[in-house]
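# A structural walkthrough
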Amino acid sequence: MNGKVPQPPKWAVRFLAWYCRPELLEDLQGDLNEYFHRNLMIRGVSAARLIYIIDVMKFTRSYILRKPSLSNPLNGKVTMKKQLLFALRRLGRHKLTTGINLLGLTFGILSCVVIYLYVSFEFSYDKFHADAARIYRLVVPTTNDYGIESNGAMMSGPIGPALRQETTGFSAVTTLFTDDSHVLIPVAGQPVRVIPGISGDQTYHITFADTDYLKIFHYQWLAGNPATALQKPFSVVLTQSEAKRYFQRGTPEDWMGRSVVYEDSLTVSVTGIVKDWDRNSDFGFKDLISYSSLENSFLKTYIQNWNMAGSNINVYVKLAPGTTIAQAEQQFPAFFQRHGTKKARLALQPLADIHFNAAYQDPYSRRAHKPTLFALAGIALFILVIAAINFINLATAQSVLRAKEVGIRKVMGSSIGGIVRQFLIETGVIVVAAMALALLLTNPVIAALHGFIPEGVRLHMTDPDTWLFIGTTIGVTCLIAGWYPGRALSSFLPVTSLKGQGFRQLNSKSYLRKGLIVFQFTVSLLFIIGTLMVGRQIHYMLNTDLGFNKDAILTIDIPRDQPNNRKDVLAAEIRHLTGVRQVSLNTADPQSLQHEFLGMQLEYKGPTDVTIMPGGDFIDTGYLSLYGMTLVAGRNFYLADTARRAIPASGSTPAQPGYQAIILNETAARALGFNQPADAIGKQMINGPISGPVVGVVKDFHSDDMHAKIRPFLFSTQAGTGRQLSVKLSSAGASAAEVRKMMANMESVYKKIYPGTPFQSQFFDQSLEQLYTQERQTSQVLNIAMGIAIFISCMGLFGLAAFTANQRTREIGIRKVLGAGVPQLVSMLSREFVLLVGISTLIAAPVAGWGVYEWLQHFAYRTSMPWWIFVLAGIAAMVIALLTISLQTIRAATANPVTSLRSE
Amino acid sequence: MKGTHLGEFEELVLLTIASLVNSAYSVAICDELSKHADRTVKLGVAHAALHRLEEKGLVKSELGEASPTRGGKRKRLYTLTSAGRASLLRSKEIRDTLWQKIPNLTLNRVL
């Protein structure tokens with residue numbers, strides 16, 4: 001017979017094989033072939049084919065159809081059940097490899113799961129509001145010349161209502177006045193209950209809001225009418241959880257009409273109860289007090305002045321359908337011209353941006369840093385890939401051992417697909433086990449990272465998205481880890497592998513293995529270099545000469561709205577405590593995020609008129625020496641400067657302006673046009689209605705964090721302006737117990753002067769460190785990532801070393817017999833790995849260098865990037881790699897050649 | 001389990017298997033039936049009947065030799081089990097008993 005003989009249609013043959021029970025298949029196929037053959041003779045090809053197809057269709061009877069079950073035949077005779085059994089047996093036999101793979105993949109998947117939960121948590125904020133795309137917040141997009149972004153979300157009270165009346169295109173405009181307060185609950189016949197404020201991320205849980213607020217943010221109402229609940233003054237809408245916290249028991253109907261007292265003085269009654277949102281939101285307000293209460297209470301002064309903006313006053317709008325942002329925004333310049341305010345630039349910030357844009361702060365929501373989230377996702381992926389690489393490397397290395405198995409399988413009729421599938425099943429078993437372990441560990445790990453991961457991130461096994469993620473991760477990991485080894489294994493030619501020449505086939509593949517090791521160590525080295533450099537920059541920022549002294553200085557917050565003279569009493573009393581060397585009343589530490597003067601204009605009418613916008617603080621006479629700052633020209637403030645009246649007396653003419661003595665920093669002196677600091681002394685500076693002479697020039701210091709360049713800065717002095725008391729302790733080397741005793745003394749003095757307000761204090765060096773929270777978190781993440789990456793890579797290396805040492809046992813035996821020593825053998829076995837780590841260093845150095853350089857661009861003052869960092873990282877990686885494989889190589893090299901050579 | 005009652009077609013198939021002795025397989029059974037019973041027997045029908053008979057325990061089967069016309073596939077050869085033989089005999093007995101009760105004349109007239 002030659003190949004020209006017509007055959008039945010292939011698809012029909014395959015279709016029959018697919019649906020037919022295997023035990024019946026052969027007979028049926030034979031019968032159909034016989035008929036086909038017969039029909040071929042009588043009726044011709046096409047008729048025979050047609051009849052064949054019709055018969056195939058007619059065979060689809062219940063007793064012929066195969067039952068869907070695990071025991072389906074897949075490749076030839078091997079069933080899925082058996083493949084699973086083979087897989088488990090193999091995994092059990094190679095305990096070291098299995099352990100390494102399982103541990104590595106568990107770490108990889110665990111990182112992925114934790115980071116996925118964290119990232120998806122952050123991106124879930126405020127996604128659930130109806131018409132979320134039309135909700136915006138009003139902001140002022142300002143950035144001054146020195147890169148300090150001002151708080152552009154703060155508004156003044158009258159903007160919202162005026163906007164509602166005078167502009168078009170908004171379907172709702174609402175002003176939020178947010179606050180935090182303890183609450184009094186009057187209960188009939190019982191003493192008043194005091195409910196404390198909320199602590200944590202979102203402390204501002206109270207907002208004044210009007211009916212428009214309810215048009216923008218929707219609630220499910222349990223009691224009350226959304227149309228009227230926030231109309232009348234002195235009414236409040238509570239969420240269910242808040243009402244329970246206040247009233248403890250009862251139903252929403254019972255709570256209606258009850259009284260709640262805020263700030264000891266604002267009495268409101270409940271007009272509505274709403275259900276708490278069960279989704280993540282930055283608007284975690286639980287008490288909605290009618291905005292009209294604000295206008296009718298002692299708080300009204302805060303909202304009536306166009307020029308008095310507060311960070312707790314925000315305006316939210318909802319665009320009318322069909323209105324574009326541009327259409328809405330183009331009304332703003334005219335709007336502000338009408339009202340004569342300087343905030344001419346006003347923009348709309350989308351709701352989705354609020355959770356991520358750090359430029360616009362408010363006291364109720366939390367910011368997430370998008371680049372960090374993306375970087376985290378990248379890190380998770382890298383770690384997973386590193387773990388998968390271990391799998392690939394160990395599998396291809398061991399494929400030598402499996403060459404015979406594959407050969408026999410092929411001889412027995414297994415297809416390439418069947419072998420790949422067998423291997424993918426082995427991979428799948430490990431990946432699923434790793435996933436199970438990772439899921440078990442997820443919640444404990446999240447709990448352990450609570451400083452870094454916000455509250456509320458948890459693994460919820462009921463969430464369909466989580467399952468989708470789990471499924472995808474398993475699938476993708478199986479494919480990355482199992483596809484190539486399966487492919488490589490199945491490509492062995494049975495003839496060569498059964499003759500025992502599997503090695504030769506594999507040699508070409510070891511380039512891939514080496515490449516993957518290089519990749520693993522490159523990633524590990526990136527993390528090592530990153531960790532070293534971020535640590536170096538943080539160290540630099542905290543330890544470089546900042547222009548002031550930061551040791552043994554404690555700052556105590558002074559409560560606002562208390563008589564000014566008490567500040568002096570506090571200062572004097574604390575000054576007399578033992579262990580206190582010096583005190584100073586001032587508005588901020590030399591380096592702080594909250595300097596007193598923002599946007600102040602200082603004018604100097606010299607040869608030419610110069611106006612600068614310096615930052616600045618009010619200080620007293622003790623400040624400069626307490627913080628160890630150096631005057632380069634002029635003098636310190638006198639007590640007389642502090643005592644002089646700065647604000648012009650009411651009714652005075654411009655001929656009698658307010659007086660304000662000034663100390664500039666060198667940068668400010670230069671900016672005002674003085675070549676020498678001394679030239680500035682005695683020159684009159686004008687700040688609106690206030691003017692005064694420059695009395696001194698202080699050496700430049702870092703008034704902001706290291707992200708910003710040193711900018712023009714000034715100190716002034718004025719009685720009663722202090723917002724904090726800086727205390728210099730005399731003993732830098734005091735024991736912890738002594739410091740605690742001093743603190744306790746200060747607290748008791750404080751409590752005597754300010755009864756009823758909490759004592760809040762902080763060491764200056766610690767608050768400086770808090771300026772770099774972001775960087776410290778970056779450093780922590782890199783540390784953890786570095787640890788995991790190195791750990792997983794080394795485990796892979798360990799497994800490979802064990803395997804190569806094992807493969808070369810006989811070679812080593814012969815070398816030993818011929819006189820090779822242990823050191824030679826160890827170096828022979830280690831050489832390849834050292835070379836690979838060396839190559840990794842060469843690749844990682846420029847990449848890491850570029851990445852670190854880019855990162856450092858965020859800082860105005862950066863540490864150097866010395867070459868030895870890269871060498872150090874390379875050496876560290878090499879030492880770690882050598883230590884990892886040393887156990888294996890030394891064991892192999894010291895083995896007795898008799899044992900290895902005997903059994904040939 | 002279904003009863004051991006033998007349908008008319010099943011009985012024919014069973015007889016054919018017995019008559020073909022050691023070469024009874026699906027296609028041959030179809031051919032034989034078509035030839036002697038003067039009706040076209042479809043392959044699917046034959047298979048269904050064979051399946052039922054095997055389920056009732058009246059026949060047993062094993063795979064035999066392959067041939068080029070079958071594309072290298074082996075045929076399933078059927079043989080009677082003792083139960084099969086017994087049930088064929090019993091149905092023959094029933095018929096014989098009934099046949100003997102018919103007087104010759106009556107039959108001729110009827111036919």
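Residues numbered from 1 in each chain as written. Chains lettered and ligands numbered in written order. Predicted model: local features only at pLDDT ≥ 70, side-chain atom pairs only at ≥ 80, totals over all residues.

## Structural notes on the overall build of chain B
Filter applied, for reference: Each helix is a run of H or I in the DSSP string that is no shorter than four residues. Each strand is a run of E no shorter than two, and both are numbered from the N terminus. Burial is judged by counting the other C-beta atoms within 10 Å of a residue's own C-beta: 20 or more makes it buried, 12 or fewer makes it exposed, and any count in between marks it as partly exposed, with every C-beta position built from the backbone. A pair of residues counts as a contact when their C-beta atoms, built from backbone coordinates, are separated by no more than 7 Å.
The helix and strand tally for chain B stands at five helices and two strands. Along the chain direction, N to C, the helices and strands of chain B fall in the order α-α-α-β-β-α-α. Scored against the burial criterion, the 111 residues of chain B give a buried share of 26%. Taking all contacts inside chain B whose residues are at least 6 apart in sequence as the whole, residues at least 24 apart take part in 48%.

## Structural notes on the overall build of chain A
Helix and strand counts for chain A stand at 30 helices and 29 strands. Looking at the 904 residues of chain A, the share that counts as buried comes to 37%. Contacts spanning at least 24 positions in sequence make up 81% of the contacts within chain A whose residues lie at least 6 apart.

## Focus on the interface of chain A and chain B
How we decide: Basically, the charged four are Asp, Glu, Lys and Arg, the nonpolar ten are Ala, Val, Leu, Ile, Met, Phe, Trp, Tyr, Cys and Pro, and anything else, Gly included, counts as polar.
In this assembly, 15 residues from chain A lie in contact with 15 residues from chain B. For the side of chain A that touches chain B, the elements supplying multiple residues, two or more each, are α2 (22-43) and α3 (45-58) of chain A. Looking at the side of chain A that touches chain B, the element that brings in the most residues is α2(A), giving nine residues. Looking at the side of chain A that touches chain B, its residues break down into four nonpolar, four polar and seven charged.

## Here's the deal with unusual backbone geometry
Residues and elements named next belong to chain A. At Asp126, a residue that is not glycine, the phi angle is positive and equals roughly 50°. Residue placement: Asp126 occurs in the loop between α5 (95-123) and β3 (135-139). With phi around 55°, Ala552 is a residue other than glycine that occupies positive phi space. Examined against the element boundaries, Ala552 turns out to sit in the loop between α19 (510-543) and β17 (553-557). On the basis of neighbour counts, which here come to 19 C-beta atoms within 10 Å, the residue Ala552 falls in the partly exposed class.

## Thoughts on the sheet that holds strand β28 (residues 724-729) of chain A
Residue and element names in this part refer to chain A. What counts, and what does not: Paired strands are those between which DSSP finds at least two bridges. To get an axis, a line is fitted to the C-alpha atoms, and for a helix only the part in contact is used. The angle between two axes follows their N-to-C directions and goes from 0 to 180 degrees.
Read across the sheet, four strands follow the order β18-β28-β17-β29 without closing on themselves; strand pairing throughout is antiparallel. The open sheet has two edge strands, β18 (580-586) and β29 (761-763), and neither has a second partner. Taking each pair of neighbouring strands and ignoring which way they run, the sheet shows an average axis angle of 20°. One ladder, built from three bridges, connects β17 with β29; its direction is antiparallel. Across the sheet, Thr555 pairs through a bridge with Gln762, a residue of β29. In this fold helix α20 (residues 565-575) packs onto β18 and β28, with an angle of close to 165° to the strand it touches most, β18.

## Concerning the confidence of the model for chain A
All names here are of chain A. Worth spelling out the cut-off: Think of pLDDT as the predictor's per-residue confidence, scored from 0 to 100.
When pLDDT is averaged along chain A, the result is 83, and 92% of the positions lie at 70 or above. The secondary-structure element of chain A with the lowest mean pLDDT is strand β1 (residues 73-75), recorded at 45, while helix α21 (residues 623-626) shows the highest, at 93. A low-confidence stretch, residues 70-77 (pLDDT under 50), is modelled with 22 contacts involving residues beyond four sequence positions or located in other chains. Counting interchain partners and residues more than four positions distant, the pLDDT-below-50 stretch residues 144-149 has ten contacts.

## Quick notes on helix α6 (residues 159-166) of chain A
Residues and elements named next belong to chain A. Note the threshold: The arc refers to the directions leading from the helix axis to the C-beta atoms.
Looking at α6, one finds that the buried residues are Ile159, Gly160 and Leu163. The arc that holds every buried residue of α6, seen down its axis, measures 95°, which confines them to one face. The exposed set on the far side of α6, more than 90 degrees from its buried face, consists of Gln165 and Glu166. Residues of α6 that are buried make contact with β4 (155-156), β5 (170-179), β15 (313-319) and α12 (332-339).

## So, the environment of A:Lys404
All names here are of chain A. Among the secondary structure elements, Lys404 is positioned in helix α14 (residues 370-411). Here the alpha-carbon distance between Lys404 and Lys499, two residues 95 residues apart in the chain, equals 8.5 Å. Once residues lying within four places of it in the same chain are set aside, the contact partners of Lys404 are Ser497 and Leu498.

## Comments concerning the confidence of the model for chain B
The predicted model of chain B averages 83 in pLDDT, with 90% of residues at 70 or higher. For this predicted complex, the interface score ipTM comes out at 0.85, while the overall pTM is 0.69.

## Points about the nonpolar core
Residue and element names in this part refer to chain A. What counts is decided by this rule: We call a set of buried Ala, Val, Leu, Ile, Met, Phe, Trp, Tyr and Cys residues a nonpolar core when their C-beta atoms link them within 7 Å.
The biggest cluster of nonpolar side chains holds 93 residues, and the ones touching the most others in it are Ile109, Ile383, Ala387, Leu525, Ile529, Ala785 and Ala789. Going through the elements one at a time, α5, α14, α15 (416-448), α16 (464-490), α19, α26 (773-807), α28 (822-856) and α29 (867-894) are the ones with two or more residues in this core. Other than its neighbours up to four places away in sequence, Ala785 contacts Ile379, Ile383 and Phe527. In terms of nonpolar packing, the next biggest core, distinct from the first, is built from 55 residues, Val173, Val274, Tyr291 and Leu346 among them.

## Focus on the environment of A:Leu163
Residues and elements named next belong to chain A. In this fold, Leu163 is placed in helix α6. Classification of Leu163 as buried rests on a count of 21 C-beta atoms within 10 Å. Along the backbone, Leu163 and Phe336 are 173 residues apart, and their C-alpha atoms lie at a distance of 9.8 Å. Setting aside anything within four residues of it in sequence, one finds Leu163 in contact with Val173 and Phe335.

## What about the packing of α20(A) against helix α24 (residues 736-753) of chain A?
All names here are of chain A. To be explicit about the condition: Working definition: roughly parallel below 35 degrees, roughly antiparallel above 145 degrees, roughly perpendicular at 65 to 115 degrees, and oblique for all remaining angles. Crossing handedness is defined as follows: a turn of the near helix away from the far one that is anticlockwise and smaller than a right angle gives a left-handed crossing, while the clockwise case is right-handed.
Across the interface, α20 lies against α24 with an axial gap of 10 Å and an inter-helix angle of 155°. Viewed along their axes, α20 and α24 adopt a mutual orientation that is roughly antiparallel. Taken as a pair, α20 and α24 cross one another with a handedness that is right-handed. Within the contact between the two elements, α20 uses Arg566, Val569, Leu570, Glu573 and Ile574 and α24 uses Met746, Val749, Tyr750 and Ile753. Here the contact of α20 with α24 is built from residues that sort into seven nonpolar, no polar and two charged.

## Re the pairing of strand β19 (residues 602-605) of chain A
Residues and elements named next belong to chain A. Of the two faces of β19, only one is covered, namely that formed by Leu602 and Tyr604; the face formed by Glu603 and Lys605 stays uncovered. As defined by bridge partners, β19 adjoins strand β20 (residues 609-612) across four bridges and the pair is classed as antiparallel. What sits directly across from Lys605, in β20, is Asp609. Connecting β19 to the antiparallel partner β20 that follows it, the hairpin turn spans three residues.

## Topic: the pairing of strand β10 (residues 235-239) of chain A
Residues and elements named next belong to chain A. In terms of residue burial, β10 counts as a mostly covered element, since five of its five residues are buried. Of the two faces of β10, both are covered, the one formed by Ser235, Val237 and Thr239 as well as the one formed by Val236 and Leu238. Relative to strand β12 (residues 266-274), β10 is paired through five bridges, and the arrangement is parallel. Looking at the pairing, Val236 lines up with Val270 of β12. The sheet contact formed by β10 and strand β13 (residues 287-290) spans three bridges and is antiparallel.

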